[in-house]
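# Per-entry structural report
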Amino acid sequence: MSARPHGSEDNTMGMTDDVSAMFFASPFAKLAEADLTEQLLDMGREAAKLWLDGYEQALGSIASAHEQAAGQTNVDWLATAARMHAKALREIATRQVALGRELLD
């Protein structure tokens, strides 16, 4: 027969976890989590800035292709439309990228 009181089986796991948490918890744990979160946010911002650079370059290339096509056609209204579209595309890209960068900073 056991010397333990009735109903006190090996139920020390919860107490052991609490004691371990108390000993291993750092007062800087929340600060470390905040630093990690901030580092992840910074990495996300940098990735977004790189994406914006690529987006701006892609739209610039499309606008250049439209301008090149406008220079190769003999149809005046088509050349004018292509140049206007290229100009509008460049303006939209510039504003979108500027707004995106502003939001990231």
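From a predicted model like this one, the values you see are computed outputs, not experimental measurements. (Residues numbered from 1 in each chain as written. Predicted model: local features only at pLDDT ≥ 70, side-chain atom pairs only at ≥ 80, totals over all residues. Heavy atoms only, no water.)

The next thing to look at is the overall build of the chain. Helix and strand counts for the chain come out as three helices and zero strands. When the helices and strands of the chain are read in sequence order from the N terminus, they spell out α-α-α. Taking all 105 residues of the chain together, the buried fraction comes to 12%. Of the contacts formed within the chain by residues at least 6 apart in sequence, a portion of 62% connects residues at least 24 apart. Of the accessible surface of the chain, which amounts to about 8800 Å², a share of 62% is contributed by carbon and sulfur atoms. (Helix = DSSP H or I, 4+ residues; strand = E, 2+ residues; numbered from the N terminus. Buried < 20%, exposed > 50% of the residue type's maximum accessible area, 1.4 Å probe, protein only. Contact = heavy atoms within 4.5 Å. Areas by Shrake-Rupley, 256 points an atom, 1.4 Å probe, with all protein chains shown as cover.)

The subject of this paragraph is the nonpolar core. Among the nonpolar cores identified, the biggest contains five residues, and these are Leu-59, Ala-63, Ala-86, Leu-89 and Ala-93. Taken together, the elements giving at least two residues each to this core come down to helix 2 (29-72) and helix 3 (76-104). Among the elements that take part in this core, helix 3 stands out by supplying three residues, more than any other. (Core = buried A, V, L, I, M, F, W, Y, C linked by side-chain atoms within 4.5 Å.)

This part takes up the confidence of the model for the chain. Segments scoring low in pLDDT should not have their predicted coordinates read at a detailed level. For the chain, the average pLDDT comes to 82, and 70% of its residues sit at 70 or higher. By mean pLDDT, helix 1 (residues 13-24) is the weakest element of the chain at 60, and helix 3 is the strongest at 95. (pLDDT = per-residue confidence, 0-100.)

What follows concerns a nonpolar patch on the surface. On the surface, Leu-36, Leu-40 and Met-43 cluster together to form a nonpolar patch covering roughly 320 Å² of accessible area. Within the fold, Leu-36 resides in helix 2. Taking relative accessible area as the criterion, Leu-36 reaches 48% and is therefore assigned partly exposed. (Patch = residues over 30% accessible without salt bridge, like charges linked within 9 Å, V, L, I, M, F, W, Y side chains within 5 Å. Salt bridge = Lys/Arg side-chain N within 4 Å of Asp/Glu carboxyl O.)

Within this structure, the stated rule accounts for seven salt bridges. The partner of Lys-49 in a salt bridge is Glu-46, and the shortest N-O contact between them spans 3.9 Å. With Lys-49 and Glu-46 both in helix 2, this residue pair falls three residues apart, about one helical turn. Note on Glu-46: relative accessible area 46%, which makes it partly exposed. Within the structure, one salt-bridge network assembled from shared partners comprises Glu-38, Asp-42 and Arg-45.

Moving on to helix 3. Taking 1.5 Å per residue as the helical rise, helix 3 with its 29 residues ought to reach 42 Å, and the 42 Å between its terminal C-alpha atoms agrees with that figure. Residues Ala-79, Ala-82, Ala-86, Leu-89, Ala-93, Val-97, Gly-100 and Leu-104 constitute the buried set of helix 3. (Expected span 1.5 Å × (residues − 1).)

Examined against the element boundaries, Leu-59 turns out to sit in helix 2. Given the relative accessible area of 13%, Leu-59 is considered buried. Here Leu-59 is in contact with Leu-89, Ala-93 and Gln-96, once residues within four sequence places are set aside.

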